[in-house]
Amino acid sequence: MATPTPQTAPVGGLRERKKQRTRDALIRAALELFTEQGYEATTIDEIAEAVDVSQRTYFRYFANKEDVVFAVPEMVEARFIEELGARPATEAPLTALRSAVMAAWDDIGSAIESVIPVELHMRSYQMIESTPALVAVHLRRSSELEEQIARLIARREGLDVDTDPRPRVLVAAFSGVMRVAGKVWGEGQDCSVTAIRELTQSYLDHIGPAIDDDWRTRR
């Protein structure tokens with residue numbers, strides 16, 4: 001009988017896992033430094049040194065400091081877009097948005113924690129909100145994301161987003177609620193994913209009542 005040939009893991013797989021570990025380590029080190037000593041005061045050399053890699057290695061993963069700040073938010077946003085794209089076509093637009101964000105929060109906590117602690121994610125959110133240069137980037141990214149979502153909603157509904165304002169109006173309202181929920185979460189004491197999920201759900205519940213003309217009867 002022939003001797004079985006030992007099976008080895010694919011070299012590419014091992015290489016990719018090592019690259020992912022290095023990228024995650026750079027994100028965590030950068031966010032720890034940014035939240036401890038400030039975004040502007042932290043250099044790329046310090047981030048690289050904290051992970052024991054060269055500056056050249058850092059630039060293989062991130063073009064600048066800004067990129068590493070928004071690496072985890074980008075992952076969260078991508079998960080939401082994925083969920084939204086998978087929602088049934090029969091769902092109303094706002095229901096699809098709500099269902100997508102709730103489904104994303106159901107499993108995004110473990111995804112975040114595979115890279116950084118949720119507590120560090122919260123501190124990073126607070127750091128972004130208190131750093132003018134990053135607030136500007138955050139607003140630009142939010143605007144780009146809103147446009148992407150509006151176009152996705154328009155395609156779902158068979159609408160032309162450039163002639164029908166409803167997708168952009170709906171997404172603007174939805175995004176405003178998400179920003180408020182995120183701000184309240186970032187200013188609170190509970191940094192858990194459960195807390196942000198419950199806040200998001202509660203605030204989304206108030207979209208309808210908030211746009212009702214007669215608030216006084218709903219006290």
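Cut-offs and rules
As a convention, each chain's residues are numbered from 1 in the sequence order in which they are written. Thresholds applied to this predicted model are a pLDDT of at least 70 for local features of residues and 80 or more for the giving and counting of side-chain atom pairs; totals over whole chains, interfaces and linings are not thresholded and use all residues. To obtain the side-chain values, all non-hydrogen atoms of the structure were included, while hydrogens and water were left out. Strands are runs of DSSP state E lasting at least two residues, helices are runs of H or I lasting at least four, and both sets are numbered from the N terminus onward. Whether a residue is buried, partly exposed or exposed follows from its accessible area with a 1.4 Å probe, protein chains only, as a fraction of its type maximum: under 20%, in between, or over 50%, in that order. Where accessible areas are quoted, they stem from the Shrake-Rupley method and a 1.4 Å probe; at the residue level, only the protein chains shown are allowed to cover. Joining through side-chain atoms within 4.5 Å is the link that ties buried Ala, Val, Leu, Ile, Met, Phe, Trp, Tyr and Cys residues into a set, and such a set is a nonpolar core. Between two residues, a contact is recorded if the distance between any of their heavy atoms is within 4.5 Å. Criterion for a salt bridge: a side-chain nitrogen of Lys or Arg within 4 Å of a carboxyl oxygen of Asp or Glu. Residues enter a patch when their relative accessible area is above 30% and they make no salt bridge; the linking distance is 9 Å between like charges and 5 Å between nonpolar side chains (Val, Leu, Ile, Met, Phe, Trp, Tyr). By the counting rule applied here, Lys and Arg register as positive and Asp and Glu as negative, while His and the ends of each chain are not counted. Just so you know, the charge point we use is NZ for Lys, CZ for Arg, CG for Asp and CD for Glu. Take the residue count of a helix, subtract one, and multiply by 1.5 Å to get its expected span. Angles shown run from 0 to 180 degrees and are taken between the N-to-C directions of axes, each axis being a line fitted to C-alpha atoms and, for helices, limited to the stretch in contact. Roughly parallel covers angles under 35 degrees, roughly antiparallel covers those over 145, roughly perpendicular covers 65 to 115, and oblique covers all other angles. By convention, the crossing between two helices is left-handed when the near helix turns anticlockwise from the far helix through less than a right angle, and right-handed when the turn is clockwise. Note on residue categories: nonpolar means Ala, Val, Leu, Ile, Met, Phe, Trp, Tyr, Cys or Pro, charged means Asp, Glu, Lys or Arg, and polar means any other residue, Gly included. Confidence scores labelled pLDDT are given residue by residue by the predictor and lie between 0 and 100.

**Q** Just to check I follow, could you spell out the overall build of the chain for this structure?
**A** Check the secondary structure of the chain and you find 11 helices and zero strands. When the elements of the chain are put in sequence order from the N terminus, they spell out α-α-α-α-α-α-α-α-α-α-α. Taken over 219 residues, the chain has a buried fraction of 38%. Carbon together with sulfur atoms contributes 53% to the accessible area of the chain, which is approximately 12900 Å² in total.

**Q** Honestly, the nonpolar core in this entry has me stumped. Any pointers?
**A** Soluble, globular proteins show a tendency: their nonpolar side chains are buried together. Membership of the largest hydrophobic core comes to 54 residues, with the highest contact counts inside it found for I27, F34, F80, L84 and I149. Looking at this core element by element, the count peaks at nine residues for helix α6 (residues 93-113). Those residues in contact with L84 that lie beyond four places of it in its chain are A96, L97, A100, I149, L152, I153 and R156.

**Q** Mind showing me how you'd approach the pattern of salt bridges here?
**A** Proximity of charged atoms lets side chains of opposite charge pair with each other. In the structure shown here, the tally under the stated rule is 17 salt bridges. Among the salt bridges present, the one from R140 reaches E144, with a minimum N-O distance of 3.7 Å. Within this pair, R140 and its partner E144 are both found in helix α8 (residues 132-157), separated by four residues, close to a single helical turn. Note on R140: relative accessible area 41%, which makes it partly exposed. D164 is the salt-bridge partner of R166, the closest N and O atoms lying 2.6 Å from each other. Given the relative accessible area of 55%, R166 is considered exposed. In this structure D164 comes out as buried when scored by relative accessible area, which is 13%. One salt-bridge network, held together by shared partners, links E147, R151, D162 and R168.

**Q** Can you walk me through a negative patch on the surface in this structure?
**A** Taken together, D45, E46, E49 and D52 make up a surface patch of like negative charges. Look at E46 and you get partly exposed, because its relative accessible area is 31%.

**Q** Whenever I open this one, the side chain of R79 confuses me. Can you help?
**A** As for its position among the elements, R79 is in helix α5 (residues 71-86). Those residues in contact with R79, other than ones at most four positions away along the chain, are A104, D107 and I108.

**Q** It is not clear to me how the environment of R28 should be interpreted in this structure. Could you clarify?
**A** For R28, the location among the structural elements is in helix α1 (residues 11-37). As a C-alpha pair, R28 and I116 span 88 residues in sequence and 5.7 Å in three-dimensional space. Excluding residues that lie within four positions of it along the chain, R28 makes contacts with V115, I116, P117 and L120.

**Q** Just checking my understanding: could you explain helix α7 (residues 118-129) for this structure?
**A** Helix length check: α7, at 12 residues, gives a terminal C-alpha distance of 17 Å against a target of 16 Å (1.5 Å per residue), a fit within 8%. Those residues of α7 lying buried are V118, L120, H121, M122, S124, Y125, M127 and I128.

**Q** Looking at this structure, I do not really get the packing of α7 against helix α9 (residues 166-187). What am I missing?
**A** Running from amino to carboxyl end, α7 crosses α9 at an angle of 110°, the nearest separation of the two axes being 9 Å. If you check the angle between α7 and α9, you find them roughly perpendicular. As for how α7 packs across α9, the hand of that crossing is left-handed. Contacts from V118, H121, M122, Y125 and Q126 of α7 reach α9 at R179, G182, K183, W185, G186 and E187. Residue composition of the contact of α7 with α9, grouped by class: four nonpolar, four polar and three charged.

**Q** I would appreciate a short explanation of the packing of α6 against helix α10 (residues 193-205) in the present structure.
**A** Each pair of packed helices can be summarised by the angle the axes make with each other and by the distance between the axes. For the pair α6 and α10, the least separation of the axes is 10 Å and the interaxial angle reads 175°. As summarised for this structure, α6 and α10 are arranged roughly antiparallel, according to the angle between their axes. Taking contact as the criterion, the partners of R98, V101, M102, W105, D106 and G109 in α6 are, on α10, V193, I196, R197, T200, Q201, L204 and D205. Broken down by class, the residue content of the contact of α6 with α10 amounts to six nonpolar, three polar and four charged.

**Q** Would you take a moment to explain the confidence of the model for the chain for this structure?
**A** Detailed reading of the predicted coordinates is not advisable wherever pLDDT falls low. In the predicted model, the chain carries a mean pLDDT of 86, and 90% of its residues have values of at least 70. When pLDDT is averaged over each helix and strand of the chain, the minimum, 72, is found for helix α11 (residues 207-211) and the maximum, 97, for helix α2 (residues 44-51). Low pLDDT, under 50, characterises residues 1-11; the predicted model gives this stretch one contact beyond four residues in sequence or across chains.

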